[in-house]
Amino acid sequence: IRKRDFLEEVNKPRIFSYEEIRRGFYRIATGYIEKFFLADQIGKQVNYVYSHFSEMTGIQIAITTMLYTLQLYLDFAGYSHMAIGFAKCFGITLMENFERPFFSTSIKEFWRRWHISLSSWLRDYVYIPLGGSRKGNFTKYRNLIITFLVSGIWHGVGFNFLFWGFLHGIYQVIEDILIRKTAFFESDKNH
């Protein structure tokens, strides 16, 4: 959460509410289950398969890769739910950080729903200062790739994180090109 938003929320007057505390504990419990009972248990299986990679079949590795994605989501969403819950117990409302990202219908929508605080920070402090999409498609695509490279660096040091960021930037560019191309052909049919 941004400092200004947090301070604004903290400085609001509060009235003690058992209902808010009940909701807070519900969110804490949800996050605890996601993090410790689900993500951590899935993580044990993922680590086992990845550490015995050469002994695994292709289908085992493919399923494990999907489970790893679920593990990441449950880990991040779990601690976000716990933070939101603890804050709620004190009468503080924090922003949602995940809005069912796996139900997204596009890559762009996925990133609007996944780790919202980080995605919005990258948009506001990297993508927009670079020029956003104001100076044509080439500049927009360059800025998307740079923004996702920064996202990769944020996630960790190493070539794999940089490559991950680059790939997600490329996915954004490809989706944008395909959507523009589809829109062009759809408008051509209407004439």
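Cut-off values and rules
Residues numbered from 1 in each chain as written. Predicted model: local features only at pLDDT ≥ 70, side-chain atom pairs only at ≥ 80, totals over all residues. Heavy atoms only, no water. Helix = DSSP H or I, 4+ residues; strand = E, 2+ residues; numbered from the N terminus. Rg over C-alpha atoms; globule rule 2.2 N^0.38 Å. Contact = heavy atoms within 4.5 Å. Areas by Shrake-Rupley, 256 points an atom, 1.4 Å probe, with all protein chains shown as cover. Lys, Arg positive; Asp, Glu negative; His and termini not counted. Charge placed at Lys NZ, Arg CZ, Asp CG, Glu CD. Salt bridge = Lys/Arg side-chain N within 4 Å of Asp/Glu carboxyl O. Buried < 20%, exposed > 50% of the residue type's maximum accessible area, 1.4 Å probe, protein only. Axes fitted to C-alpha atoms, helices over the stretch in contact; angles between N-to-C directions. Parallel < 35°, antiparallel > 145°, perpendicular 65-115°, else oblique. Left-handed = near helix turned anticlockwise from the far one by under 90°. Nonpolar A, V, L, I, M, F, W, Y, C, P; charged D, E, K, R; others polar. Core = buried A, V, L, I, M, F, W, Y, C linked by side-chain atoms within 4.5 Å. Phe/Tyr/Trp six-rings, centres within 6.5 Å; stacked < 30°, edge-to-face > 60°. Expected span 1.5 Å × (residues − 1). pLDDT = per-residue confidence, 0-100.

## Digging into the overall build of the protein
The helix and strand inventory of the protein stands at 7 helices and 0 strands. N-terminal to C-terminal, the α/β element order of the protein is α-α-α-α-α-α-α. The globule rule puts the C-alpha radius of gyration for 191 residues at 16 Å, and the 20 Å found for the protein is more than 25% above it. With the C-alpha coordinates of the protein rotated into their principal frame, the extents come out at 60 × 50 × 40 Å. A separation threshold of at least 6 residues defines the contact pool for the protein, and within that pool the share at least 24 residues apart is 56%. Total accessible area computed for the protein in this model is approximately 12700 Å², and 66% of it derives from carbon and sulfur atoms. The average position of the 23 basic charges and that of the 17 acidic charges among the side chains of the protein differ by 5 Å.

## Details of the pattern of salt bridges
Considering all chains together, one arrives at 13 salt bridges under this definition. Glutamate 9 serves as the salt-bridge partner of lysine 12, at 3.2 Å between the closest nitrogen and oxygen. A residue is classified by how much of its surface remains accessible, and glutamate 9, at 12% relative accessible area, is buried. For glutamate 109, the salt bridge goes to arginine 113, with nearest N and O atoms at 3.1 Å. With glutamate 109 and arginine 113 both in helix α4 (residues 107-113), this residue pair falls 4 residues apart, about one helical turn. Across the pair, arginine 113 and glutamate 109 agree in class, each one buried. Each of Glu19, Glu20, Arg22, Arg23 and Lys88 takes part in a single network of salt bridges with overlapping partners.

## Let's talk about the packing of helix α2 (residues 18-51) against helix α3 (residues 58-89)
Following both chains from N to C, one finds α2 and α3 inclined at 155°, their axes separated by 7 Å at the closest point. As far as their axial angle goes, α3 and α2 are roughly antiparallel. Crossing angle aside, the handedness with which α2 passes α3 is left-handed. Residues that form the contact of α2 with α3 fall into these classes: 20 nonpolar, 11 polar and 8 charged.

## Let's talk about the nonpolar core
Core analysis: the largest hydrophobic core is formed by 17 residues, its most contacted members being Tyr73, Leu74, Phe98, Trp111, Trp114, Leu144 and Val173. Broken down by secondary-structure element, the contributors of at least two residues to this core are α2, α3, α4 and α6 (137-155). Those residues in contact with tryptophan 111 that lie beyond four places of it in its chain are Ser119, Phe148, Trp164, His168 and Gln172.

## Quick word on the packing of aromatic side chains
Taken as a whole and assessed by the stated rule, the structure comprises 19 aromatic pairs. Ring geometry for phenylalanine 110 and tryptophan 111: centres 5.5 Å apart, planes at 90°, overall edge-to-face. Its relative accessible area of 18% is what places phenylalanine 110 among the buried residues. The interplanar angle of 35° and the centroid separation of 5.3 Å between the aromatic rings of tryptophan 121 and tyrosine 125 together place this pair among those described as tilted. On the criterion of helical spacing, the pair formed by tryptophan 121 and tyrosine 125 is a turn pair, its members being 4 residues apart in helix α5 (residues 116-127). Look at tryptophan 121 and you get partly exposed, because its relative accessible area is 37%.

## Structural notes on α6
Here α6 spans 27 Å end to end across 19 residues, near enough to the 27 Å set by a 1.5 Å rise per residue. Among the residues of α6, Thr139, Lys140, Tyr141, Asn143, Leu144, Ile145, Thr147, Phe148, Ser151 and Gly152 are the ones counted as buried.

## Structural notes on the confidence of the model for the protein
When pLDDT is averaged along the protein, the result is 91, and 95% of the positions lie at 70 or above. At the level of individual helices and strands, the protein shows its lowest average pLDDT in helix α7 (residues 159-189), which scores 83, and its highest in α2, which scores 96.

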